[in-house]
Amino acid sequence: MANLNVNIGNLQLKNPVMTASGTFGYGIEFADFVDLTQIGGIFVKGTTIEHREGNPYPRMAETPAGMLNAVGLQNKGADYFANNIYPNIKDIDTYMIVNVSGSTVETYVECAEKIAALDKIPAIELNISCPNVKHGGMAFGVTCAGAAEVVRAVRKVYPKTLIVKLSPNVTDVTEIARAVEAEGADAVSLINTLLGMAIDAEKRKPILSTVTGGLSGPCVKPIALRMVWQTYNAVKIPIIGLGGISNWKDAVEFMLAGSSAIQIGTYNFVDPAISVKTVEGINDYLDKHGFKSVTEIIGALEV
């Protein structure tokens, strides 16, 4: 068996397979289906400083080879997480990582501070695809200045591993990656969902209440792979790749493109045990090709 350990910031993962925020609840919901301790890390549901009801229904739509969602970061807030969720997940033997969101720089900072106080949460994933309400609703992560501003502010108050989740809805993702690296990000994860929409032809109306939503699933994989490869050639910090991964082969492709680790998202809804199956598949691939460590395939794409 190959060595599956990989490093992301100060974290040494037992293997490179993790689950993506918003697709795996808080982990405990999947405990009947999969051994959570065999997963390299679990990115829990997006958390904001305040309670959020999310967007009106309908807020999910199936599309060819994927899905659209406009859930709107529904959660009960950082205090509820700390008091009610954290006690139930803190002793799970894997890395539990909180996805942190906000609508202003100040709310990002406040939420990050709350999570930093929790001893057994070793990292946060900063979701900079959220709309900045002070600047007309444009997402922080679509400009270098916006991305840098929020990462700079959070870095000042957050001492643990800081992962920044990048939006694909930009002209050049490498510019954003370099901007957050310069402000102290320990790693980047990409890609977040692509902006899309679905229409009901009979009703002549959008299917989602918000008209547009985030597209995920196998259909986005070629775009995600391209962006991971571009980012790997632009920054020195580790990359966590995600976007359409549904089996071990997809995961290996992302690692060849430059990902140190990967996240599985939408496919958790299809097969709740896909994360552990992917770990096993990666190990079989490494053994078949004579690799002693999974780190040997990171960025090993021959172009």
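Each remark here, short or long, concerns the structure printed above.
Please read all numbers here as calculations on a predicted model, not as lab measurements. (Residues numbered from 1 in each chain as written. Predicted model: local features only at pLDDT ≥ 70, side-chain atom pairs only at ≥ 80, totals over all residues. Heavy atoms only, no water.)

All right, on to the sheet that holds strand 6 (residues 66-69) then. Strand order across the open sheet formed by four strands is 5-6-14-11, with antiparallel pairing between neighbours. The open sheet is flanked by strand 5 (60-63) and strand 11 (194-197), the only strands paired with a single partner. Each strand axis lies, on average, 40° off the axis of its neighbour in the sheet, ignoring direction. (Pairing = 2+ DSSP bridges. Helix = DSSP H or I, 4+ residues; strand = E, 2+ residues; numbered from the N terminus. Axes fitted to C-alpha atoms, helices over the stretch in contact; angles between N-to-C directions.)

Moving on: the sheet that holds strand 16 (residues 261-264). In space, the eight strands of this closed barrel follow the order 3-4-7-8-9-10-15-16, with parallel pairing throughout. Mean inter-strand twist for the sheet, computed between neighbouring axes without regard to direction, equals 25°. Across two bridges, the pairing between strand 3 (residues 17-19) and strand 4 (residues 41-47) is parallel. The partner of Thr 19 across the bridge, within strand 4, is Ile 42.

What follows covers helix 4 (residues 173-182). When helix 4 is considered as a whole, its buried residues turn out to be Val 173, Thr 174, Ile 176, Ala 177, Ala 179 and Val 180. Those residues of helix 4 hidden inside the fold are in contact with helix 3 (144-157), strand 9 (161-165), strand 10 (187-190) and helix 5 (221-232). Once helix 4 ends, the next one or two residues include Gly 184, with phi positive near 105°. (Buried < 20%, exposed > 50% of the residue type's maximum accessible area, 1.4 Å probe, protein only. Contact = heavy atoms within 4.5 Å.)

What follows is about the packing of aromatic side chains. Counted according to the given criterion, the structure contains six aromatic pairs. An angle of 90° between the planes, with centres 5.2 Å apart, marks the rings of Tyr 108 and Phe 140 as edge-to-face. Of the two residues, Tyr 108 sits in helix 2 (residues 105-116) while Phe 140 sits in the loop between strand 8 (123-127) and helix 3, which places them 32 residues apart along the sequence. Owing to a relative accessible area of 0%, Tyr 108 belongs among the buried residues under this scheme. Residue Phe 140 is classed as buried on the basis of its relative accessible area of 1%. (Phe/Tyr/Trp six-rings, centres within 6.5 Å; stacked < 30°, edge-to-face > 60°.)

The interhelical angle for the contact between helix 6 (residues 248-256) and helix 7 (residues 274-288), taken along N-to-C directions, is 65°, at an axis separation of 8 Å. As for how helix 6 packs across helix 7, the hand of that crossing is right-handed. Residues Trp 248, Ala 251, Val 252 and Leu 256 of helix 6 lie in contact with helix 7, whose contacting residues are Thr 278, Gly 281, Ile 282 and Tyr 285. In terms of residue class, the contact of helix 6 with helix 7 is made up of six nonpolar, two polar and no charged. (Left-handed = near helix turned anticlockwise from the far one by under 90°. Nonpolar A, V, L, I, M, F, W, Y, C, P; charged D, E, K, R; others polar.)

Turning next to the nonpolar core. Grouped together as the largest cluster of nonpolar side chains are 92 residues, with contacts concentrated most on Phe 81, Leu 126, Ile 128, Val 154 and Leu 166. The element contributing the most residues to this core is helix 2, with seven residues. Filtering out sequence-adjacent residues up to four positions away, Phe 81 remains in contact with Tyr 26, Val 44, Thr 47, Tyr 86, Pro 87, Ile 89, Val 98, Ile 115, Leu 118 and Ile 121. Ala 61, Leu 68, Ala 70 and Leu 208 belong to the second largest nonpolar core, which has five residues in total. (Core = buried A, V, L, I, M, F, W, Y, C linked by side-chain atoms within 4.5 Å.)

On to the pairing of strand 7 (residues 95-100), then. In terms of burial, strand 7 is a largely internal element, five of the six residues being buried. Both strand 4 and strand 7 contribute to a ladder of five bridges, which runs parallel. Looking at the pairing, Thr 47 lines up with Val 100 of strand 7. Note that strand 7 and strand 8 share three bridges and pair parallel. Looking at the pairing, Asn 99 lines up with Glu 125 of strand 8. The β-α-β motif built from strand 7, the intervening helix 2 and the parallel element strand 8 has right-handed crossover chirality. (Right-handed = clockwise from strand over helix to strand, strands pointing away.)

Interpretation note: all reported values are geometric properties and have no functional meaning in isolation.
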